[in-house]
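Listed here are the chains, written in short residue letters.
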Amino acid sequence: MSHMLSRKMSDIHSFARPEEVVVRHLRLDLDVDFERKRLTGSATLDFETSAGARELVLDTHGLDVERVTYADGSAATFAIGDSQPHLGSPLTIGLHPDTKSVTVHYASAPDAAAVQWLSPEQTAGGKHPFLFTQSQAILARTWVPIQDSPGVRITYDATIRVPKELMAVMSAENATELSADGVYHFRMPQAVPAYLLALAVGDLEFRSLGRNSGVWAEKPMIEASAYELADTQKMIDAAEAIYGPYRWGQYDVLVLPPSFPFGGMENPRLTFATPTILAGDRSLVNLVAHELAHSWSGNLVTNATWNDFWLNEGFTVYFERRIMEAISGRDYSEMLALLGRQDLEATVAELPPRDTHLFLDLTGRDPDEAATKLPYEKGYFLLRLIEESVSRAKWDAFLREYFDRHAFQSMTTDAFLEELTAAFPELERRIDVHLWVHGPGIPDNAPIVHSDAFTKVEEQVRAFDSGTPAAQLAAQKWSTHEWIHFLRHLPRDLSREQLAELDAAFQFTASGNSEILHEWLLQAIEHHYDPAYDALERFLLRQGRRKFLKPLYQKLAESSEGFERARRIYAKARPMYHAVSYRTIDQILKW
Ligand SMILES: [Zn+2]
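Residues numbered from 1 in each chain as written. Predicted model: local features only at pLDDT ≥ 70, side-chain atom pairs only at ≥ 80, totals over all residues. Heavy atoms only, no water.

1. With respect to the overall build of the chain
Here is step 1 of the chain: For the chain, the helix and strand inventory stands at 19 helices and 20 strands.
Here is step 2 of the chain: In summary, the chain has a C-alpha radius of gyration of 24 Å against a globular reference of 25 Å for 591 residues, a match within 12%.
Here is step 3 of the chain: Counting only C-alpha atoms and orienting by the principal axes, one finds that the chain spans roughly 80 × 60 × 50 Å.
Here is step 4 of the chain: Within the chain, buried positions represent 61% of all 591 residues.
Here is step 5 of the chain: Counting only carbon and sulfur atoms, one obtains 50% of the accessible surface of the chain, whose full area is about 22,700 Å². (Helix = DSSP H or I, 4+ residues; strand = E, 2+ residues; numbered from the N terminus. Rg over C-alpha atoms; globule rule 2.2 N^0.38 Å. Buried < 20%, exposed > 50% of the residue type's maximum accessible area, 1.4 Å probe, protein only. Areas by Shrake-Rupley, 256 points an atom, 1.4 Å probe, with all protein chains shown as cover.)

In structure tokens form, the structure reads like this:
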């Protein structure tokens, strides 16, 4: 037991009162009904109570609760409170002194925000429907009645019934073969917070990638997915060499249909990933390193509340780049770090100063709004600064022990800082950690990232600017990251003729690399380069990753003509986006 557990970790985004009654195990039993777009069945919750506790309070959002029963089948009293913005409604269940378990019989709503129901046309195969969930940050409560706080961990098992031609997978131990009757049983023996509950159902195939790794995808995508993710086992081995054993058994990646709103989601044992990482040349697989790194930072040691989000993401970006350094070399990881620095500067310029602290105050807000690059990249630079101050050897030893000591526990920012100070008493005076965590912007002592590769790219930008034809630029061996850096640093006053010349030389408008295409389309919108507009519309219609959608729609919305174009495209695209994405775009386009 750690002293951290006794510390009260109040979570402003949950109605649960785990200090009175804490759920330890969940048994899900759900029918997946594609016709009515509902998950129907029951959730049985086993819990521990403190003396005198007479109520279990769960988070729900839009659930249709039919009844609640005790273990003997008798009816329990329950009440559903008023709905609050972002949070949903508390479900309060009356307990007898000896009650240890209750079962909630319920159905999710057809518009449950976590769940996306795809029609066959929205899949790669085109024949079968598809379902996936996205529970982070506080959307698990839209499909499971649960204490939906990252400070509460549960083990779970589940029985899921699906149409028998489809496969069901969860963030748990998965079968790799289709079941004859469409019934799947899952077991998750390691305790996880509710935001890591995940389910996907579709016409899926599995391919092993190594000793304890594999990939899932729709059949038409499995070949390309297995090729792209071939280095996954190498990444696991590299990660274990840095921070100790991978504790979750199997590590698989599920490549989802294109509407998945994120790059990846670190669901334990089964990362959910966007197909936009399939570049054909393995150049975007640092995303897998990131999600894998969450198997330590985030899934093993978890931010106690969403205000502590940087403990999940800053640590994970740091670890991701360490894995990439081990696999692809320091030059490669420094390119990633420098792109990260650019993202951080752009993010700081956009956000109000209060939202550029590492420790956030999300009172009254949807924690999904905290999912800017700030906690990721500012967190990364703080951890790198610590590494450079205390030496990599000492920092790695500290982190390895930290992951061991707090495995399967939650962590607050304060508790982390206390441990840091205890291990490195001189650190505060030397680098002012407090300013990084509780102050705005990018502190002056942020580590300087240097990339020779990017310096060479900048030389080529200058050459182009002073008249060297695009076709003669020394760009033959550039990686995706060098292209991104090039596109981001093009002169601001580019003419349409120059854009046409670049396009003719490098085929940007026709690029199959989502990251390069995204940067190019931003330039195209900025400079009204209309030969790229069809490609822009296709890109917005064929994938739903918020990281790409948000900047493109924002850029379009800067001019009145662009705003109208954006709304015309959005009218067609919105039905295929996940709620996480369309909620963001609705605001940009005043939908
Ligand atoms: Zn992450």
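Further notes follow.
2. Side note on the packing of aromatic side chains
Here is step 1 of the chain: In total, this model carries 39 aromatic pairs according to the counting rule given.
Here is step 2 of the chain: Summarising the aromatic geometry, the rings of tyrosine 380 and phenylalanine 381 are spaced 4.9 Å apart at their centres and angled 80 degrees between planes, so their arrangement reads as edge-to-face. The burial state of tyrosine 380 is the same as that of phenylalanine 381; both residues are buried.
Here is step 3 of the chain: Ring geometry for tyrosine 570 and tyrosine 577: centres 6.0 Å apart, planes at 35 degrees, overall tilted. (Phe/Tyr/Trp six-rings, centres within 6.5 Å; stacked < 30°, edge-to-face > 60°.)

3. Describing the coordination of the zinc ion
Here is step 1 of the chain: The zinc ion binds to the protein through His290 (NE2), His294 (NE2), Glu313 (OE) and Glu313 (OE), with metal-donor distances spanning 2.0 to 2.7 Å.
Here is step 2 of the chain: If you list the donors of the zinc ion from N- to C-terminus, the spacing comes out as H-x3-H-x18-E. Of this pair, histidine 294 sits in the loop between helix H4 (286-293) and strand S19 (301-303) while glutamate 313 sits in helix H5 (residues 309-328), and the two are 19 residues apart along the sequence. (Donors = N, O, S within 2.8 Å, 3.2 Å for Na, K, Ca; no water.)

4. A closer look at helix H17 (residues 546-556)
Side chains that are three or four residues apart share a direction in an α-helix, a result of its 3.6 residues per turn.
Here is step 1 of the chain: Looking only at H17, the buried set comprises Arg546, Phe548, Leu549, Leu552, Tyr553, Lys555 and Leu556.
Here is step 2 of the chain: As for H17, its buried residues are in contact with helix H15 (514-526), helix H16 (533-542), helix H18 (560-573) and helix H19 (579-588). (Contact = heavy atoms within 4.5 Å.)

5. A look at the nonpolar core
Here is step 1 of the chain: Trp143, Trp395 and Phe416 are the most contacted members of the largest nonpolar core, which totals 159 residues.
Here is step 2 of the chain: Among the elements that take part in this core, H5 stands out by supplying 9 residues, more than any other.
Here is step 3 of the chain: When sequence neighbours within four positions are dropped, the list of residues in contact with tryptophan 395 reads Tyr318, Leu383, Ile386, Glu387, Val390, Phe416, Leu420 and Phe424.
Here is step 4 of the chain: In terms of nonpolar packing, the next biggest core, distinct from the first, is built from 43 residues, Phe486, Leu517, Phe548 and Tyr553 among them. (Core = buried A, V, L, I, M, F, W, Y, C linked by side-chain atoms within 4.5 Å.)

6. Observations regarding the pairing of strand S14 (residues 204-210)
Here is step 1 of the chain: In terms of strand pairing, S14 meets strand S15 (residues 213-218) through 6 bridges, oriented antiparallel. Bridge pairing in S15 links phenylalanine 206 to tryptophan 216.
Here is step 2 of the chain: Two successive antiparallel strands, S14 and S15, enclose a turn made up of 2 residues. (Pairing = 2+ DSSP bridges.)

7. A look at unusual backbone geometry
Here is step 1 of the chain: Cis geometry is adopted by the peptide bond preceding alanine 137, which originates at glutamine 136 and carries an omega value of 0 degrees.
Here is step 2 of the chain: Mapped onto the fold, alanine 137 is located in the loop between strand S9 (130-133) and strand S10 (153-161).
Here is step 3 of the chain: Unusually for a residue other than glycine, glutamine 507 sits at a positive phi of about 55 degrees.
Here is step 4 of the chain: Phi at histidine 528 is positive, roughly 50 degrees, even though this residue is not glycine.
Here is step 5 of the chain: Mapped onto the fold, histidine 528 is located in the loop between H15 and H16.

8. Observations concerning the confidence of the model for the chain
Here is step 1 of the chain: Looking at the chain, pLDDT values average 96 and 98% of them are 70 or higher.
Here is step 2 of the chain: Counting contacts from residues 1-7, a segment whose pLDDT is below 50, to residues more than four positions away or on other chains yields 12 contacts. (pLDDT = per-residue confidence, 0-100.)

9. Focus: the pairing of strand S3 (residues 55-60)
Here is step 1 of the chain: Taken across its 6 residues, S3 has 5 buried, putting it largely inside the fold.
Here is step 2 of the chain: When S3 meets strand S6 (residues 89-94), the two strands line up antiparallel, connected through 6 bridges. When the sheet's bridge partners are listed, valine 57 is paired in S6 with threonine 92.

10. A word on the sheet that holds strand S16 (residues 251-255)
Here is step 1 of the chain: Pairing is mixed in the open sheet, where 5 strands are placed in the order S14-S15-S16-S18-S17. In this open sheet, the two strands that pair with only one neighbour each are S14 and strand S17 (264-265).
Here is step 2 of the chain: Across the face of the sheet, helix H2 (residues 219-228) comes into contact with S14, S15 and S16 while running at roughly 145 degrees to S15. (Axes fitted to C-alpha atoms, helices over the stretch in contact; angles between N-to-C directions.)

11. Comments concerning the sheet that holds S6
Here is step 1 of the chain: Pairing within the open sheet is antiparallel, and its 3 strands lie in the order S3-S6-S5. The open sheet has two free edges, formed respectively by S3 and strand S5 (78-80), since each of these has just one partner strand. The mean inter-strand angle of the sheet, taken between neighbouring strand axes irrespective of direction, is 20 degrees.

12. Section: empty space enclosed by the protein
Here is step 1 of the chain: As enumerated under the stated definition, the model contains 1 cavity of 30 Å³ or more in all.
Here is step 2 of the chain: Together, Tyr318, Arg321, Arg322, Glu325, Arg330, Ser333, Glu334, Tyr380, Arg384, Glu387, Glu388 and Arg392 line the largest cavity.
Here is step 3 of the chain: For the lining of the largest cavity, the elements supplying multiple residues, two or more each, are H5, helix H6 (330-350) and helix H7 (374-390).
Here is step 4 of the chain: Its residues placed into classes, the lining of the largest cavity shows 2 nonpolar, 1 polar and 9 charged. (1 Å grid on protein atoms, 1.4 Å probe; cavity = no way out; pocket = protein on both sides within 12 Å on 5 of 7 lines; lining within 4 Å. Points joined across faces, edges and corners; volume = space filled by probe spheres on them. Nonpolar A, V, L, I, M, F, W, Y, C, P; charged D, E, K, R; others polar.)

13. Remarks on the pattern of salt bridges
Here is step 1 of the chain: If you walk through the whole model with that rule in mind, you get 44 salt bridges.
Here is step 2 of the chain: Where glutamate 48 meets arginine 24, a salt bridge forms, and the shortest distance between an N and an O atom there is 3.3 Å. In this pair, glutamate 48 sits in strand S2 (residues 38-49) while arginine 24 sits in strand S1 (residues 21-33), placing the two residues 24 residues apart along the sequence.
Here is step 3 of the chain: Owing to a relative accessible area of 45%, glutamate 48 belongs among the partly exposed residues under this scheme.
Here is step 4 of the chain: By relative accessible area, arginine 24 is classed as partly exposed at 41%. (Salt bridge = Lys/Arg side-chain N within 4 Å of Asp/Glu carboxyl O.)

14. A short note on the side chain of threonine 103
Here is step 1 of the chain: Considering the arrangement of structural elements, one finds threonine 103 in strand S7 (residues 101-107).
Here is step 2 of the chain: Looking at threonine 103, the relative accessible area reads 13%, which means it is buried.
Here is step 3 of the chain: Among the polar contacts made by the side chain of threonine 103, one reaches the side chain of threonine 44 at a distance of 2.8 Å. (Polar contact = N/O pair within 3.5 Å; in protein donor to acceptor, adjacent residues only side chain to side chain.)

15. Overview of the environment of valine 201
Here is step 1 of the chain: Along the chain, valine 201 falls in strand S13 (residues 199-202).
Here is step 2 of the chain: Residues valine 201 and glutamate 401 lie 200 residues apart in sequence; the distance between their C-alpha atoms is 38 Å.
Here is step 3 of the chain: Dropping the residues within four chain positions of it, valine 201 is found in contact with Val32, Phe34, Pro129, Phe130, Leu131, Val162, Leu166, Met167 and Ala168.

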